[in-house]
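Chain by chain, the residues run as shown.
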Amino acid sequence: MANKYDADQIQILEGLEAVRKRPGMYIGSTSTRGLHHLVYEIVDNAVDEALAGYCKNIDVAINPDNSITVIDDGRGIPVGINHKSGLSAVEVVFTILHAGGKFGGGGYKVSGGLHGVGASVVNALSDWLEVEVRREGKTYIQKFEKGKVMGPLEESGTCGPDQTGTKVTFKPDETIFEETVYDYNILKTRLRETAFLTKGLKIILHDEREDKKQVSTFHYEGGIKEFVQYLNKAKTPSYPDIMYFEGTKNGVYVEVALQHNDSYNESVYSFVNNITTPEGGTHLEGFKVALTKTFNDYARSHKLLKESEQNLTGDDIREGLTSIISIKIEDPQFEGQTKQKLGNSEARGAVNSIVAEQLTYYLEQNPAIAKNICDKSIMAQRAREAARKARDLTRRKTALEGTSLPGKLADCSDKNPENCEIYIVEGDSAGGSAKTARSRATQAILPLRGKILNVEKARLDRIYGNEEIKAMITAFGTGIHEDFDISKLRYNKIIIMTDADVDGAHIATLMLTFIYRFMPELIRQGHVYLAQPPLYKLEKNKQTWYAYSDDELDKILAEVGRDQNNKIQRYKGLGEMDAEQLWDTTMDPEKRILLRVSMTDDDESEVDLTFNTLMGDQVEPRRVFIEENAKYVKNLDV
Ligand code: 0R9
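Parameters and conventions
- Counting restarts for each chain: residues are numbered from 1 in the order of the written sequence.
- Only residues with pLDDT of at least 70 get local features here, since the model is predicted, and only at 80 or more are side-chain atom pairs given and counted; chain-wide, interface and lining totals rely on the full set of residues.
- Just so you know, side-chain values use all the structure's heavy atoms and leave hydrogens and water out.
- Strand pairing is assigned whenever DSSP identifies at least 2 bridges connecting the two strands.
- A run of DSSP states H or I qualifies as a helix once it reaches four residues; a run of E qualifies as a strand once it reaches two. Both are numbered from the N-terminal end.
- All axes here are fitted lines through C-alpha atoms, helices being fitted over the stretch that makes contact, and every angle between N-to-C directions spans 0 to 180 degrees.
- Take a side-chain nitrogen of Lys or Arg and a carboxyl oxygen of Asp or Glu: if they are within 4 Å of each other, that pair is a salt bridge.
- We call a set of buried Ala, Val, Leu, Ile, Met, Phe, Trp, Tyr and Cys residues a nonpolar core when their side-chain atoms join them within 4.5 Å.
- Residue burial is assigned from relative accessible area. The probe radius is 1.4 Å, only protein chains are included, and a residue is buried under 20% of its type maximum, exposed over 50%, and partly exposed in between.
- Between two residues, a contact is recorded if the distance between any of their heavy atoms is within 4.5 Å.
- The aromatic pairing rule takes the rings of Phe, Tyr and Trp, using the six-membered ring of Trp, and pairs them if the centres are within 6.5 Å, calling planes under 30 degrees apart stacked, those over 60 edge-to-face and the rest tilted.
- Comment: the charge-over-ring label is applied if NZ (Lys) or CZ (Arg) is within 6 Å of the ring centre and within 35 degrees of the ring normal.
- To sort the angles, those under 35 degrees are grouped as roughly parallel, those over 145 as roughly antiparallel, those from 65 to 115 as roughly perpendicular, and the leftovers as oblique.
- Helix crossings get a hand from a simple test, with the near helix turned counterclockwise from the far one by less than a right angle marking a left-handed crossing and a clockwise turn marking a right-handed one.
- Charged residues are taken to be Asp, Glu, Lys and Arg, nonpolar residues to be Ala, Val, Leu, Ile, Met, Phe, Trp, Tyr, Cys and Pro, and polar residues to be all remaining types, Gly included.

Chemist: Would you mind going over the sheet that holds strand β23 (residues 536–540) with me for this structure?
Modeler: Hydrogen bonding along the main chain pairs the strands of a sheet, whether they run parallel or antiparallel. Taken together, three strands build an open sheet; the order of strands is β24-β23-β25 and the sheet is antiparallel. Because the sheet does not close on itself, it has two edges, and the strands there are β24 (543–547) and β25 (567–570). Put simply, the sheet's adjacent strands are angled 20° from each other on average, direction ignored.

Chemist: What is the right way to look at the sheet that holds strand β14 (residues 267–272) in this model?
Modeler: Reading across from one edge, β12-β13-β16-β14-β15 is the order of the five strands in this open sheet, with mixed pairing throughout. If you trace the sheet from one side to the other, it starts and ends with β12 (243–249) and β15 (275–276), each paired once.

Chemist: Mind showing me how you'd approach the pattern of salt bridges here?
Modeler: A side chain with one charge can pair with a side chain of the opposite charge if their charged atoms come near. This model, assessed by the stated rule, comprises 40 salt bridges. R318 is paired through a salt bridge with D315; the nearest N and O atoms lie 3.0 Å apart. Linking E539 and K567 is a salt bridge whose minimum nitrogen-to-oxygen distance equals 3.2 Å. Taken together, the positions of E539 in strand β23 and K567 in strand β25 put the pair 28 residues apart, joining distant regions of the chain.

Chemist: Please clarify how the nonpolar core should be interpreted in this entry.
Modeler: If you look at soluble globular proteins, the nonpolar side chains tend to sit buried side by side. In terms of nonpolar packing, the biggest core is built from 107 residues, with F94, F170, I422, F476 and F514 touching the most fellow members. Sequence-distant contacts of F476, that is, excluding residues within four places in its chain, are made with I422, I424, K488, L489, R490, I494, I515, M519 and L522. M243, Y298, L312 and I369 belong to the second largest nonpolar core, which has 39 residues in total.

Chemist: Explanation requested: the packing of aromatic side chains in the structure shown.
Modeler: Any pair of aromatic rings gets described here by the distance separating the centres and the angle formed by the planes. Applying the stated rule across the entire model yields eight aromatic pairs. Grouped by ring-pair contacts, the aromatic residues F196, Y220, F227, Y230 and F271 constitute a single cluster. In this structure, R190 packs its charged tip against the face of Y40, placed 4.1 Å from the ring centre. Geometry around Y536 places R570 over its ring, the cationic atom sitting 5.2 Å from the centre.

Chemist: Teacher, can you tell me more about the packing of helix α20 (residues 604–615) against helix α21 (residues 619–629) here?
Modeler: Direction vectors running N to C along α20 and α21 enclose 110°, while the axes themselves pass 8 Å from each other. The angle between α20 and α21 places the two elements in the roughly perpendicular class. Handedness of the crossing formed by α20 with α21: left-handed. Of the residues in α21, those touching α20 at T610, T613, L614 and M615 are P621, R622 and F625. Class assignment of the residues belonging to the contact of α20 with α21 gives a composition of four nonpolar, two polar and one charged.

What follows is the structure, encoded as structure tokens:
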């Protein structure tokens, strides 16, 4: 027996050692994303207990030392000895890879998804971890260091018979993670989403760090219905009701919530066992097919669509639609390159039949809403037809005349996109300086005049008619929407260069809105950047310094001395710099500062909401957003 125990111990240590050697393989990365992932792993175990019907509250705290505590009020991890391993169930959960799924019994689980690797991986990657269990009137505790057991699970006291639950505290290992400071807002976004997806569950997040103390509570009895309401808060809903369909079929539990708004964007997000599926899959296919067929059947049978008229397409019906599709399934199969696409075929049928049946009933009961959506879709169909004609015209022109690049574009001579970058520059005058300053071989310049169209408030047909947007589309080479093809991208870096003032920030936001709505893959794959022109020039004794922030100016002044020989210039715009200065400060790849625009799958619905808050037509949510975020703005000249 002792020998078997020793052999098992060696195996466990080897397992956790493998995690420490190649952490990326288990949690994706050791960057800030991986760091936050540790929290999701532990929280997901508590959410499983909520899905099993035993846990109502989860409390997450960022402690002053950047360790994390997660507490749930579920049954508590079982403390008895697991016969197969000879270890307590608690020790199994924290030391054996993928133990939760195997030992936790059947049922739907949110843990064990894409990177759902379990508590043992968090333990392996933590400097220390402590688990406390309350069960059957007793409290138990066990401690670990870098995955290693510091002692057996021990009884540590008593508690009331109803005070059951699990508390896990861990401190990520600084020798493994590049970044070990937790970001409250990243956890907040994820925990809010988890609460929306698990109706009735209350999640509280605390920041206990000095100067950062704050608390957020997420508790939604309406679940994904409230998620849709939240996503639509900066939009004007087309009707007051949010549709909600729910049911179980073929062992798949399906929930769908939807509401149209007066924007032209589709904001449809799908989840499997609370894990986002940005590439969709069978559940999303089932939803789309059911939606398209049900609306066409309704429009035909109620004579809203004439016999001579074409069927509405899925895109027509989903214009301005916000929807959440959330399913729970016992054995999810994830496919595709990034394993973010659901493959289970039973999910297609389950979602299709639940949505088709309940939506048909809903439309019959709510004829005014049904007509509203059909009319909106018919308008979308007409606009799409106009846009198609405009696009075909451009395509025919290109076929006849060859790919004619925009006249204003000063292209680079190197034809290998890997080496090339394009500066999108605000205004003709800065564009002129940039053209003189650039390195002709690898840097292309596209000056844009004034403010580009706000695509958040425009339909495709108008967008195709806008000169500035057309210039960007042709210059980038990728096409947009369903025509988008990243392999045709003509520049590795797309750099937005605007003045460091309110107008410049607005123009940069308009450009980002366009790229995000029409070519989001450029952002996902890290091709989009913001140039950072300097804010100050300091001249003294024929020497020149540039400062990119007030702090930097202070530092330079501290070094060179504060006296009347200092000549300080506050740049108001790019136009104030001559070509040489522009090159030295903002365009020289050796010296410039670029900010890469990033977005991850973890925050896609939040990015969507931010764009329509900033660029949509509702004023109040924008005012609130600005009030809440003004504290983060630095160096903006107003
Ligand atoms: C604070 C984070 N919470 C957890 O990690 C957590 C795991 C867990 C759990 C069970 C209950 N609460 C939990 N919280 C549990 C209990 C029982 C059966 N299955 C699960 C039971 O009482 O019968 N567990 C997750 C895995 C396991 N427990 C185990 F069974 F594998 F040990």
